[in-house]
Amino acid sequence: MTYTGHTAEPTADGAAGREKPRRRLWRGRRDGARPGPAPSGFTLLPWLLLGLGSLSHLLQGKASNPVIGGLGLLAFNSLYIAVVFRAFDRAKRDSTATRVALAALGLVTLALAAGYGGSWLTFFPLFGLACGSVLRGRPLIATVLALTVLSAVVGAWKGGWQGFTISYGALLSAMVTAAILALSETVVELRATRQELARTAVEKERLRFSRDLHDLLGHTLSVIVVKSEVARRLAPRDLAAALAQIDEIESVGRQALTEIREAVTGYRESSLGAELDRAREALRCAGIETSVRQSGPPLDPHSAALLGWVVRESATNAVRHSRAGHCEFTVESEGEEVRLVVTDDGRGPGPGTSGTSGTTGSGLRGLAERLAAVGGSLESGPAEGQGFRVVARLPLPAAGPVDEPSLGP
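Residues numbered from 1 in each chain as written. Predicted model: local features only at pLDDT ≥ 70, side-chain atom pairs only at ≥ 80, totals over all residues. Heavy atoms only, no water.

**Some points on the overall build of the chain**
Now for step 1: Assigned secondary structure in the chain consists of twelve helices and seven strands.
Now for step 2: Taking all 409 residues of the chain together, 37% fall into the buried category.
Now for step 3: Excluding contacts between residues fewer than 6 apart, the proportion of contacts in the chain whose partners are at least 24 apart in sequence is 70%.
Now for step 4: For the chain, the exposed area adds up to about 22900 Å²; of that, 62% sits on carbon and sulfur atoms. (Helix = DSSP H or I, 4+ residues; strand = E, 2+ residues; numbered from the N terminus. Buried < 20%, exposed > 50% of the residue type's maximum accessible area, 1.4 Å probe, protein only. Contact = heavy atoms within 4.5 Å. Areas by Shrake-Rupley, 256 points an atom, 1.4 Å probe, with all protein chains shown as cover.)

**Points about the nonpolar core**
Now for step 1: With 36 residues, the main nonpolar core has Phe76, Tyr80, Leu102, Leu105, Leu112, Phe123 and Phe124 as its most contacted residues.
Now for step 2: Put simply, the parts of the chain that give this core at least two residues each are helix H3 (66–86), helix H5 (96–116), helix H6 (123–134), helix H7 (137–159) and helix H8 (164–234).
Now for step 3: When residues of this core are assigned to their parent elements, the largest contribution, eight residues, is made by H6.
Now for step 4: Those residues within four positions of phenylalanine 123 in sequence are excluded, and the remaining contacts are Gly51, Ser54, Leu73, Phe76, Thr109 and Leu112.
Now for step 5: If you look at the next biggest cluster of nonpolar residues, it comprises 31 residues, including Phe329, Val338, Val342 and Leu378. (Core = buried A, V, L, I, M, F, W, Y, C linked by side-chain atoms within 4.5 Å.)

**Describing unusual backbone geometry**
Now for step 1: Not every positive phi belongs to a glycine, and asparagine 65 is a case in point at roughly 55°.
Now for step 2: As for its placement among the helices and strands, asparagine 65 is situated in the loop between helix H2 (52–59) and H3.

**A few points about helix H11 (residues 301–322)**
Spacing of three or four residues puts side chains on the same side of an α-helix, whose turn is 3.6 residues.
Now for step 1: The end-to-end C-alpha distance of H11, which contains 22 residues, comes to 30 Å, matching closely the 32 Å that a straight helix rising 1.5 Å per residue would cover.
Now for step 2: Across the 22 residues of H11, 19 count as buried, placing the element largely inside the fold. (Expected span 1.5 Å × (residues − 1).)

**Some details on a nonpolar patch on the surface**
Now for step 1: A surface patch of nonpolar side chains, about 420 Å² in accessible area, is lined by Leu49, Leu52, Leu55 and Leu59.
Now for step 2: The partly exposed category is assigned to leucine 55, whose relative accessible area is 35%. (Patch = residues over 30% accessible without salt bridge, like charges linked within 9 Å, V, L, I, M, F, W, Y side chains within 5 Å. Salt bridge = Lys/Arg side-chain N within 4 Å of Asp/Glu carboxyl O.)

**Here we look at the pairing of strand S5 (residues 337–344)**
Now for step 1: Among the eight residues of S5, six are classified as buried, and the element is accordingly described as predominantly covered.
Now for step 2: Sheet topology note: the strand S4 (residues 326–334)/S5 ladder contains eight bridges and is antiparallel. Within S5, the position partnered with phenylalanine 329 by the bridge is valine 342.
Now for step 3: From the end of S4 to the start of S5, which pair antiparallel, there are two residues, and glycine 335 there has a positive phi angle of about 65°.
Now for step 4: Bridge count between S5 and strand S7 (residues 388–395): eight bridges; the pairing is antiparallel. Residue pairing for S7: valine 338 is matched across the bridge by leucine 394. (Pairing = 2+ DSSP bridges.)

**Considerations on the sheet that holds S4**
Now for step 1: What the five strands build is an open sheet, ordered S3-S4-S5-S7-S6; its pairing is mixed. At either margin of the open sheet sits one strand with a lone partner, and together these are strand S3 (289–294) and strand S6 (377–382). Going from strand to strand, the sheet's axes swing by 10° on average, the running direction of each strand aside.
Now for step 2: On top of the sheet, helix H10 (residues 272–285) reaches S3 and S4; it is set at about 160° to S3, its chief contact.
Now for step 3: In this fold H11 packs onto S4, S5, S6 and S7, with an angle of close to 175° to the strand it touches most, S7. (Axes fitted to C-alpha atoms, helices over the stretch in contact; angles between N-to-C directions.)

**Details of the pairing of S7**
Now for step 1: Note that S6 and S7 share six bridges and pair antiparallel. Across the sheet, residue serine 380 finds its bridge partner in S7, namely valine 390.
Now for step 2: Count of turn residues in the S6/S7 antiparallel hairpin: five residues, of which glycine 385 carries a positive phi of about 85°.

**Structural notes on the side chain of serine 54**
Now for step 1: Relative to the helices and strands, serine 54 resides in helix H2.
Now for step 2: Polar contacts involving the side chain of serine 54 include one to the main-chain carbonyl oxygen of glycine 51, which spans 2.6 Å.
Now for step 3: What serine 54 contacts, discounting residues up to four positions off in sequence, is Leu73, Ser119, Trp120 and Phe123. (Polar contact = N/O pair within 3.5 Å; in protein donor to acceptor, adjacent residues only side chain to side chain.)

**Considerations on the packing of H2 against H3**
Now for step 1: Running from amino to carboxyl end, H2 crosses H3 at an angle of 155°, the nearest separation of the two axes being 10 Å. Of the possible angle classes, the one that applies to H2 and H3 is roughly antiparallel. The two elements H2 and H3 meet at a crossing, and its hand is left-handed. Of H3, the residues touching H2 (which contributes Ser54, Leu55 and Leu58) are Pro66, Gly69, Gly70 and Leu73.
Now for step 2: For the contact of H2 with H3, the per-class residue count stands at four nonpolar, three polar and no charged. (Parallel < 35°, antiparallel > 145°, perpendicular 65-115°, else oblique. Left-handed = near helix turned anticlockwise from the far one by under 90°. Nonpolar A, V, L, I, M, F, W, Y, C, P; charged D, E, K, R; others polar.)

**Notes on the packing of H3 against H6**
Now for step 1: Across the interface, H3 lies against H6 with an axial gap of 9 Å and an inter-helix angle of 20°. Comparing the axis directions of H3 and H6 gives the class roughly parallel. For the pair H3 and H6, the sense of crossing is left-handed. Contact residues: Leu73, Phe76, Tyr80, Val83 and Val84 in H3; Phe123, Leu126, Phe127, Leu129, Ala130, Ser133 and Val134 in H6.
Now for step 2: Among the residues forming the contact of H3 with H6, the class breakdown is eleven nonpolar, one polar and no charged.

This is the structure we're talking about:
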């Protein structure tokens, strides 16, 4: 039997069950969850104890018209409870019924305080609590100013100079209650926003990883399949050439593992030149003649990486679906824009092939979203006459043009 911690409690099933609630509690506090229940109308109910003085006044028979005083006390408590419980539901708090109940509570407060005075004046601070729980903004300020003046007048009339403390208590109770509840609501909204941002960040990272994985594996597996077919055809008549193809398959597999690790950590930045070389090799193995033409200034790493993904996806689609004899890649700059055009003379998917055309594939859709996020665009569809055409555009920082020599097949 093993023991953990200084409490020397066994880690058996029963002990593990006892530890789980404690661990959940501390984990919730570390994650910023609210400790304890959410505030509700019960939070403001204990303040009704301030009215015990008026109840004692009634029970001792010191109040004139005790029946009216008792009914007024019952009405005040009922309205107060109804108002404060509705205050913690935003829809009910802003409703007309709540405002009517608050106005009725104010009239009952004024009638009881003016009619009896003494301990009945404490209903003004209680009414201030109700106002602070329901009202916000300008309505709160106007109501609190009126309450402060009215309670000061009634307090001075019924209690002399000491009655002005009632006015201060009404002002303080209303403003403090409103401030605390507004702060609590803000904290709740901030926590909800933080959770939403965290969820959005996770979704974006998941989408990034799925796109990278699709682009990486789609191209790499296509190259492996093509080279495997070449090795199978060469094996009966040229074993050395077949073994060379197998060595290249191993190299492609190792490179794919490296790229997948980089994609997982988010540090992979594809090079346009490297992707063009890989595309040319993959297309050559598939029997597709390839030409590459480049002109314009050197690209920044991020733009080159984005266009590298387009080259990779276009080459993969050409190998898997096009049945083309020739494929051309053109990279050129026009003003403040760089454009990549990929065209082939293919006839579309052949019999027995799987997958969808590039016009609706998830790879090109994902690339279109990537380019749109940086102000670019991606268009794809049938080329004039025959074949398929992909056009990617990206904004280019101003720079002096530096033509590079065209690269042939």
